[in-house]
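Listed below, chain by chain, are the residues.
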Amino acid sequence: MDTGRNFGRHVRSLRRARGMTQEVLAERSGLSPDTVRRLEHGSFSPSLDTLRKLCGGLDLMLSTLFESYELGSRNETRELIDLLAARGTRELVLATRVLRALFEELDGIAAEADSSDTDSDNNSES
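Residues numbered from 1 in each chain as written. Predicted model: local features only at pLDDT ≥ 70, side-chain atom pairs only at ≥ 80, totals over all residues. Heavy atoms only, no water.

## Digging into the overall build of the chain
So, point 1. The number of helices and strands found in the chain is seven helices and zero strands.
So, point 2. Starting at the N terminus and walking to the C terminus, you meet the elements of the chain as α-α-α-α-α-α-α.
So, point 3. For the chain, whose C-alpha radius of gyration is 20 Å, the value lies well above the compact-globule estimate of 14 Å for 126 residues.
So, point 4. Once the C-alpha set of the chain is aligned to its principal axes, its extents read approximately 65 × 40 × 25 Å.
So, point 5. When contacts within the chain are restricted to residue pairs at least 6 apart in sequence, those whose partners lie at least 24 apart make up 50%.
So, point 6. Counting only carbon and sulfur atoms, one obtains 52% of the accessible surface of the chain, whose full area is about 8500 Å².
So, point 7. Treating the 17 positive side-chain charges of the chain as one cloud and the 22 negative ones as another, the clouds have centres 13 Å apart. (Helix = DSSP H or I, 4+ residues; strand = E, 2+ residues; numbered from the N terminus. Rg over C-alpha atoms; globule rule 2.2 N^0.38 Å. Contact = heavy atoms within 4.5 Å. Areas by Shrake-Rupley, 256 points an atom, 1.4 Å probe, with all protein chains shown as cover. Lys, Arg positive; Asp, Glu negative; His and termini not counted. Charge placed at Lys NZ, Arg CZ, Asp CG, Glu CD.)

Following this line, the structure appears as structure tokens:
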């Protein structure tokens, strides 16, 4: 098992999940694009400082990066918590409002779909 390549694939999946290019991640992390490329290809072992910078660019805590790698999958809940942990009070209030509005809209869509399914079931029984 090639740990470096597996870790690199994991970093790539985290970057892509955020819709970032290697260049954008490098800029956000304070790393060179070449460093990000080499890390994603598993061609070198990054230092702890490099990993901390990488996590800053991904809006992740170092522990979340390692945990998700060890588990072999992303933990979106923990990633969201990490993202929010880096924000101030005003940003958190705004994020809460946006999420509430989003979830209310999604709940409304789900209720309409359930109602539509129930209507279809009732019509087919007639």
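From this point, the discussion proceeds with the structure in view.
## Let's talk about unusual backbone geometry
So, point 1. With a phi close to 55°, Asp 59 is a non-glycine residue in the positive phi region.
So, point 2. Relative to the assigned elements, Asp 59 resides in the loop between α4 (48–58) and α5 (62–71).
So, point 3. You can call Asp 59 partly exposed: its relative accessible area is 23%. (Buried < 20%, exposed > 50% of the residue type's maximum accessible area, 1.4 Å probe, protein only.)

Note that every value here comes from positions in space, so none of it alone points to a role or purpose.
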